[in-house]
Amino acid sequence: SHVRIILSSSNAFFRISSIWNTLGPSAFILILYAPFILFDGGFKLSYAAVAGMVYFYPLFYKYSPVLPKWLDECWKVLLVGFAAQLGTLPLSLLFFHQFPIYFWLAGWIVVFGGAVFMAAGSMLVILHTTVPLLAKYLGWALYYMLWVMNHLVIGIQHLPGSVMSGIWLTAWASALLYIAIAFLGVGIAERRGKWMLASMSIVLVLLLCREFACIEHQGQKKMIVYSIQKGRLMDFFEGTSAISLSDTLTTKQVLFAAQPNRWAGGIRNNTTVYIKPDHCTVMDNLLYNHPFIQFFDKRMVLLDDLLWLKGASQIPTDILVISKNAATDIVECQKKFPAGIVVFDNTNSRRKVEKWVAQCIAEGIPFHDVRTQGAWVWSN
């Protein structure tokens, strides 16, 4: 929408300007007006899509076969969709970690349906002032048309294999992929094999880096305490498998808090164990006997009840996770569970955590507050 407004303004005096001379200044004006828009995903995707369409669509259409007029219009829409998708591909993988397989099918529905909707919408404005009765019926027709379009697009999203998910791309890999796409575009435009070879070489480097990352994931050992609203969620990574220790959370909560990190860690299998009093779970390298957890040689205490602080015996531990305001004094906790680090999760009140943090600083006790510092991570 930002790009469309600027393009319309550039043609206001009947001057046809190069879109490349418009894209740069329009982005500059928007950033000057709202500097933080530079970090907005929608802003980046909008300009990437337009750039992809402007550059790649003419190249694709130039080498297209001659088709009948009705089929040629459908082909143009398909090429525009491919060009836009090519422009946004690295950013889409970076932000959303997935690739829509049937984007071309949804493109036909949106483009053709949108064209009809825009024309009928203009007619609706005219009829509203001249023939209100017809405008009423036309408005209802447009409403149901939009309803059908939305449900068709949603239906496409639910087709088998409609989305490739779990694709993890780092920022530097996204930049390299854009360079590869740029080399591809130059190679098609100039019909030079060296540019195509350079593009394929970059893609090969990315694939090799991916393989090395997969090999590295095979030997990983990692513990994560996530920052999740009104709940507790911990992951224990061993190779490409994970064991999750959590409260009863919704799927949406878990996906939002943990799924990107699991994709980044190459996790393929996940087992969930729920946090319950008097619960015991024994797995290959994980022992959970509430409130005690041992993962390989690391010992953790999940302190969520003041009852666990009673008794005179000390229980040395590596990580002390305090939950549900289950502490009155950090020094008291350290006497019972002397730990290498104290982690405060999101189930504690802000006021109590501030008090505990002050105590940790005064006593020189290492701490981590997931509410302000994000997830706590330990890895081998």
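Given the structure is predicted, the values throughout are model-derived calculations rather than measurements.

Structural notes on the overall build of the protein
Scanning the protein from terminus to terminus reveals 12 helices and 14 strands. For the protein, the C-alpha radius of gyration of 28 Å lies well beyond 21 Å, the compact-globule estimate for 380 residues. Scored against the burial criterion, the 380 residues of the protein give a buried share of 35%. Summed over all atoms, the accessible surface of the protein reaches about 22,400 Å², with 67% contributed by carbon and sulfur. Looking at charge distribution, the protein has the averaged site of its 30 positive side-chain charges lying 10 Å from that of its 21 negative ones.

Here's the deal with the packing of helix α4 (residues 69-96) against helix α7 (residues 171-190)
The contact between α4 and α7 brings their axes to 9 Å, and the two run at 170°. In terms of their interaxial angle, α4 and α7 are classed as roughly antiparallel. Mapping the contact onto sequence places Leu86, Gly87, Thr88, Leu89, Pro90, Leu91, Leu93 and Leu94 in α4 and Ala171, Ser174, Leu177, Tyr178, Ile181 and Leu184 in α7. Taken together, the residues that form the contact of α4 with α7 break down as 11 nonpolar, three polar and no charged.

Structural notes on empty space enclosed by the protein
Evaluation of the coordinates by the stated rule reveals one cavity of 30 Å³ or more. Estimated volume of the largest cavity: approximately 30 Å³. Lining the largest cavity, in full, are Val225, Arg232, Leu233, Met234, Leu302, Val321, Ser323 and Asp345.

Some remarks on the pairing of strand β11 (residues 317-322)
Within β11, five of the six residues are buried, which leaves it mostly tucked inside the rest of the structure. Pairing of strand β10 (residues 298-303) with β11 involves four bridges; the strand directions are parallel. Bridged to valine 301 within β11 is leucine 320. Two elements, β11 and strand β12 (residues 339-344), share five bridges in a ladder whose sense is parallel. In the sheet register, valine 321 faces β12, and the bridge partner there is valine 343. Traced from β11 through helix α10 (residues 330-336) to β12, the parallel crossover comes out right-handed.

Notes on the nonpolar core
Membership of the largest hydrophobic core comes to 21 residues, with the highest contact counts inside it found for Met234, Phe236, Ile293, Met300 and Trp376. Residues within four places of tryptophan 376 in sequence aside, it is in contact with Met223, Ile224, Val225, Met300, Ile319, Ile341, Val343, His368 and Val370. Grouped together as the second largest cluster of nonpolar side chains are 18 residues, Val301, Ala326, Ala339 and Cys360 included.

What counts, and at which threshold
Residues numbered from 1 in each chain as written. Predicted model: local features only at pLDDT ≥ 70, side-chain atom pairs only at ≥ 80, totals over all residues. Heavy atoms only, no water. Helix = DSSP H or I, 4+ residues; strand = E, 2+ residues; numbered from the N terminus. Rg over C-alpha atoms; globule rule 2.2 N^0.38 Å. Buried < 20%, exposed > 50% of the residue type's maximum accessible area, 1.4 Å probe, protein only. Areas by Shrake-Rupley, 256 points an atom, 1.4 Å probe, with all protein chains shown as cover. Lys, Arg positive; Asp, Glu negative; His and termini not counted. Charge placed at Lys NZ, Arg CZ, Asp CG, Glu CD. Axes fitted to C-alpha atoms, helices over the stretch in contact; angles between N-to-C directions. Parallel < 35°, antiparallel > 145°, perpendicular 65-115°, else oblique. Contact = heavy atoms within 4.5 Å. Nonpolar A, V, L, I, M, F, W, Y, C, P; charged D, E, K, R; others polar. 1 Å grid on protein atoms, 1.4 Å probe; cavity = no way out; pocket = protein on both sides within 12 Å on 5 of 7 lines; lining within 4 Å. Points joined across faces, edges and corners; volume = space filled by probe spheres on them. Pairing = 2+ DSSP bridges. Right-handed = clockwise from strand over helix to strand, strands pointing away. Core = buried A, V, L, I, M, F, W, Y, C linked by side-chain atoms within 4.5 Å.

Everything listed is a geometric property; what it means functionally is a separate question.
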